[in-house]
Amino acid sequence: MAETDLISAAARLKDWLVEAALPLWANAALDPTGGYYEDLTPQGAPRKDQIRRVRVQPRQAYVYAHAAHLGWSDQARAFSDHGFDYLLSKAAFGDPLDPASFDGFAHRLHPDGSVADPRLDTYDHAFVLLACAWRIRAFGDDRSRQVAKATLGFLDRECGQPDGSYLEGRPHQGPRRQNPHMHLFEAFMALFEATGDDANLERARRVFALFQAHFLDTEQTVLREFFQDDWQLSADKGHLIEPGHMMEWCWLLDQYEALTGEDMSELIGRLYTAAEPLGLEPQSGFLVDCISLDPTRPIPPAQRTWVQTEYIKATLVRARRGETAFASKAACLINTLFETYLKSDVPGGYTDRYGADGEVISEAMPVSTLYHLMSLGAEADRTLKALG
């Protein structure tokens, strides 16, 4: 019965993405003059005057490349190209097809495509690499291979450190964060799968070593987020914990196990088991964004969409690994997602954030959230196939 429920919930999620979400965000969020808007109103209209985070463009390029790989969209190549072309033409410093002249991607753009913030952010570049990996995998795109090579060269040259870590960008501004490394871990593994280049798997191994040495606090079994340059905890933010990232690492460690053969079962179980009591909001059944381990510095609880997608992905991982109780739990979480975050007057739309009392506190639908929902849909589809 649990597997039947999960099969039904996973199919429901796939149908929502294929029939509603992917068409909505490829049309309403697409700027016909180039790239994708930053967000939509709750009624589904683009907010055209918003500054655009550059990461949104490769995230959209990833979404539609992954959709193409799964056979979920006949027009996915054009939609992926639309974000990727805009990224290369508007945000690049130097030639992104030439490692010798490329000097990174800007952080933010004005609505007209001019640079609003020239900082070179490592987190943004992780999503460029992820988009390249999936475009190589889905389309065999040689241009994406060249961009990936140039981007890796930039990161290694400008941000890479002897311990395998990366500075926050150029210029480097503290605190150092685990979050960019987590997404580089994701991108390095995706590039290895797409290209077979062992150098990318070695990069992932080095990030995993950072996870073991610094990010995972084994005494309290929490994932630490913010650090000084010497990897001591940040005085200002070291007390903050994000349960969603703990769940995201469960999903990533499952992938790492598949690529390396190293058993991640114990780590996945520990992270998942620790994240729930830290972040679970009993009334909603979902996780809060962030908690404070310092009772003198509490933070207001809120619940964003992406946190729940990572919670569900980690639950799907455990279900697929043969822990049968998690099949029913994953089905319940997916169905609850439809009753809350995915309950929208706009087909394919979503609510981004709820407050402590269950009230909607988001003013728009960020385009960037589709990355998390697509990743969840793909993981649910993978689980559905594994269950037969």
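Residues numbered from 1 in each chain as written. Predicted model: local features only at pLDDT ≥ 70, side-chain atom pairs only at ≥ 80, totals over all residues. Heavy atoms only, no water.

Asks: Go over the overall build of the protein chain, please, and point to the residues and values.
Replies: For the protein chain, the helix and strand inventory stands at 12 helices and 17 strands. At 20 Å, the protein chain has a C-alpha radius of gyration in line with the 21 Å of a compact globule built from 388 residues. Across its three principal axes, the protein chain shows a C-alpha extent of roughly 55 × 45 × 40 Å. Looking at the protein chain as a whole, 59% of its 388 residues are labelled buried. Taking contacts inside the protein chain between residues at least 6 apart in sequence as the whole, the part at least 24 apart equals 65%. Accessible surface for the protein chain amounts to roughly 15000 Å². Of this, 48% is attributable to carbon and sulfur atoms. Side chains of the protein chain give 38 positive and 56 negative charges; the mean places of these two sets differ by 2 Å. (Helix = DSSP H or I, 4+ residues; strand = E, 2+ residues; numbered from the N terminus. Rg over C-alpha atoms; globule rule 2.2 N^0.38 Å. Buried < 20%, exposed > 50% of the residue type's maximum accessible area, 1.4 Å probe, protein only. Contact = heavy atoms within 4.5 Å. Areas by Shrake-Rupley, 256 points an atom, 1.4 Å probe, with all protein chains shown as cover. Lys, Arg positive; Asp, Glu negative; His and termini not counted. Charge placed at Lys NZ, Arg CZ, Asp CG, Glu CD.)

Asks: Kindly report on the packing of aromatic side chains, identifying the contributing residues and their values.
Replies: Applying the stated rule across the entire model yields 22 aromatic pairs. With a centroid separation of 4.9 Å and an interplanar angle of 85°, the aromatic rings of Y341 and Y354 are classed as edge-to-face. Placement of Y341 in the loop between α11 (325–339) and β16 (353–354) and of Y354 in strand β16 is noted, with a sequence separation of 13 residues between them. Neither residue differs from the other here; Y341 and Y354 are each classed as buried. Following the ring pairs from residue to residue traces out a cluster consisting of Y62, Y123, F127, W134 and Y371. Seen from the ring of Y272, R318 lies directly overhead, with NZ or CZ sitting 5.0 Å from the centre. (Phe/Tyr/Trp six-rings, centres within 6.5 Å; stacked < 30°, edge-to-face > 60°. Lys NZ or Arg CZ within 6 Å of the ring centre and 35° of its normal.)

Asks: Could you give me a rundown of the environment of Q161, with the residues and numbers involved?
Replies: Along the chain, Q161 falls in the loop between α5 (142–158) and β6 (169–170). Since its relative accessible area comes to 28%, Q161 is described here as partly exposed. In sequence terms Q161 and K14 are 147 residues apart; their C-alpha atoms lie 40 Å from each other. If we ignore the near neighbours within four places in the chain, the residues touching Q161 are L167, R176 and R206. Within the local environment of Q161, its side chain forms a polar contact with the backbone oxygen of C159, the two atoms lying 3.4 Å apart. (Polar contact = N/O pair within 3.5 Å; in protein donor to acceptor, adjacent residues only side chain to side chain.)

Asks: Give me the side chain of T383: which residues, what numbers.
Replies: For T383, the location among the structural elements is in helix α12 (residues 369–386). We classify T383 as buried; its relative accessible area is 1%. Excluding residues that lie within four positions of it along the chain, T383 makes contacts with L6, L316 and R320.

Asks: I'd like to hear about the nonpolar core, residue by residue, with values.
Replies: W16, W25, Y64, F211 and W249 are the most contacted members of the largest nonpolar core, which has 128 residues in total. Beyond its immediate chain neighbours, meaning those up to four positions away, W25 contacts L30, Y36, L40, Q60, Y64, G348, Y350, M365, P366, V367 and L370. (Core = buried A, V, L, I, M, F, W, Y, C linked by side-chain atoms within 4.5 Å.)

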